[in-house]
Amino acid sequence: MAAEARTREQVARGSAPEAFGSFAQVRKVFALPGGREVVAIDSISFELERGKLVSLLGPSGCGKTTFLRIVGGLIRATSGQVRINGIEVEQPHDDFGMAFQQPNLMPWRTVLKNVLFPIEIRGGSAPDARTRAKELLELVGIAEFAGAYPGQLSGGMQQRAALCRALVHEPKLLLMDEPFGALDELTRMEMQDLLLQIRARTNATTMLVTHSISEAVYLSDVIVVFSKRPATIADYIEVTLPYPRTAALRYSSAFTEIEHRAGRALGIIR
Amino acid sequence: MNRRAHHWLYPIAGFAVILGIWQLYADLWHISKIVLPSPADIAWVSWQQWSLLLRETWPTMLESLYGFLLAIGIGVPIAVCVANSRVLNLSLYPILIATQSIPKVAVAPIVLVWFGLGLESKLAIAFLVAFFPIVVDTATGLQATPGGLLELARSLRASRWQIFWKVQFPAALPFVFSGAKVAITLAVIGAVIGEFVGSVNGLGNLLLSANSQLDGPLAWAALVWLSILGVLLFGAVALLERLTVPYAAAGYH
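Residues numbered from 1 in each chain as written. Chains lettered and ligands numbered in written order. Predicted model: local features only at pLDDT ≥ 70, side-chain atom pairs only at ≥ 80, totals over all residues.

Let us now look at the interface of chain B and chain A. Each partner contributes to the interface: chain B provides 15 residues, whereas chain A provides 17 residues. Those elements that provide at least two residues to the side of chain B that touches chain A are helix 7 (147–155) and helix 8 (160–197) of chain B. Among the elements that take part in the side of chain B that touches chain A, helix 7 of chain B stands out by supplying six residues, more than any other. Within the side of chain B that touches chain A, the residues separate by chemical class into eight nonpolar, four polar and three charged. (Contact = placed C-beta atoms within 7 Å. Helix = DSSP H or I, 4+ residues; strand = E, 2+ residues; numbered from the N terminus. Nonpolar A, V, L, I, M, F, W, Y, C, P; charged D, E, K, R; others polar.)

What follows is the structure, given as structure tokens:
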């Protein structure tokens, strides 16, 4: 497939010093009970440029979340190489921040204390972190709920708090696993704009798993389209739409064109 | 405001109706006080003999409370072991369940032989009955830590110790309290069983001796005081729960 050739070309070109992350022939095989094996990821290779927002787009169950977890160091690849910022990823790193599909807030902690949880676990300057946590809550618009318990917040507000928690230790790499997947359409669009704002502010390299084509196009510098399991790269799309992106862009022909290309890579449209 | 009032009003009204019917039945049919004293008789004796009843309540309360606290002190650590070690889970759990199926009333005479007529034997029986719900509920709670929270902790490279104290244990607290609320009422029952089998004081002892002297109203008064003791101890645990797990009231669970 032409797309695959392009990816290989990207990798070959990727010896440029700017590369923040590089993934070479990443493969993941899960052992099933009864001795059977299932290949979740066949071979994924691409490079991640510093400061870029990359979406992993693919059908559900295709292995994109597995790939994200490998990048985050939560699980290990069966073979292949995963390097972030010059180090081989074998376990989670202090420079990573993770946000999950569920907010995963602790119901017994106030919003502020939830946001400060990573600092508490890793150690770090508490007064500084407190100030930063409050700034982040301000940025996502839930500063007045700092003292509230998560149970008192709506789903969208909980996900905002979870985003603050992922950012509180100023990660160099933000990994997000369908963070807006559980939200309704309007909240989702609001959160996408918020993510773009945050990203403009923090400049963190971001990798985001999604199964929404329009979300991937709206947010990303680069879309890596995953094929069905076992996952390979179906297409590598550089989204040339300028930032800052606004809602009007969603209805432009350039936007739709990229959506079409992604759709073709997914096999939805011919 | 209105809903809160209903919350109190309905049970009180229901209670009043039952007491009214009981009183009428006892008065109109001239039921013997030995068989079934009327609510007024019981209230009168409770008022007349309040210092005796209070004096006998004290040891029963201590027996229940100490047994309960001992059950917490031993039960929670055992639950932690069972929940975190596969070996201990497999080897201890069946034993726990087997011991639970032994009727505690049948064990009481043996415990009495071991610990004598004093507080210790009652404490031991209260402990035995309160122990099981605490272990089971705490272990369940510790094993039911939401996977997402564990994943989060792992993504932050939290140590085992941090995961236990900052994630697993607080997540299990609502379960610990639901076990504790069952356990505290069982502890009172355990203490009374102990007093029935052999004792020199306590409400169970008073009930038994009043009954043997055919003093129906006093026996019933002891029963009422026992229920009040049970309700108060339960209330104390529930209050502690609200103070320790305030988020539960904020819409969680």
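Quick look at unusual backbone geometry now. Residue and element names in this part refer to chain A. For the bond running from R229 to P230, omega is -5°, close enough to zero to count as cis. Among the structural elements, P230 can be located in the loop between strand 9 (222–226) and strand 10 (231–238). That bond from Y243 to P244 is cis: its omega, -5°, falls within 30 degrees of zero. Residues other than glycine seldom take positive phi values, yet Q25 does so here, at roughly 45°. Examined against the element boundaries, Q25 turns out to sit in strand 1 (residues 19–31). When the 14 C-beta atoms within 10 Å are taken as the criterion, Q25 is described as partly exposed. With a phi close to 50°, N104 is a non-glycine residue in the positive phi region. The topology assignment puts N104 in the loop between strand 6 (96–99) and helix 3 (111–115). (Buried ≥ 20, exposed ≤ 12 C-beta atoms within 10 Å, placed from the backbone.)

Moving on: the domain arrangement of chain B. Structurally, chain B comprises domain 1 (1–30) and domain 2 (39–249). A straight line from the C-alpha centre of domain 1 of chain B to that of domain 2 of chain B covers 30 Å. (Domains from an automatic or database assignment.)

This part is about the sheet that holds strand 6 of chain A. Residue and element names in this part refer to chain A. Pairing is mixed in the open sheet, where 10 strands are placed in the order 5-4-1-2-10-9-3-8-7-6. The outermost strands of the open sheet, each flanked by one partner alone, are strand 5 (87–88) and strand 6. Here strand 6 runs beside strand 7 (residues 173–177); their pairing, made up of four bridges, is parallel. Bridging across to strand 7, A99 finds its partner in M176. Across the face of the sheet, helix 6 (residues 155–167) comes into contact with strand 6 and strand 7 while running at roughly 165° to strand 6. (Pairing = 2+ DSSP bridges. Axes fitted to C-alpha atoms, helices over the stretch in contact; angles between N-to-C directions.)

What follows is about the pairing of strand 9 of chain A. Sheet faces and side chains relate simply in a regular strand, where the side chains alternate between the two faces. Residue and element names in this part refer to chain A. The buried fraction of strand 9 is high, at five of five residues. Pairing analysis gives four bridges linking strand 3 (residues 53–57) to strand 9, with the strands arranged parallel. By the bridge assignment for strand 9, L57 is matched with V225. Where strand 9 and strand 10 come together, five bridges link them in antiparallel fashion. When the sheet's bridge partners are listed, I223 is paired in strand 10 with I237. Adjacent in sequence and paired antiparallel, strand 9 and strand 10 are bridged by four residues.

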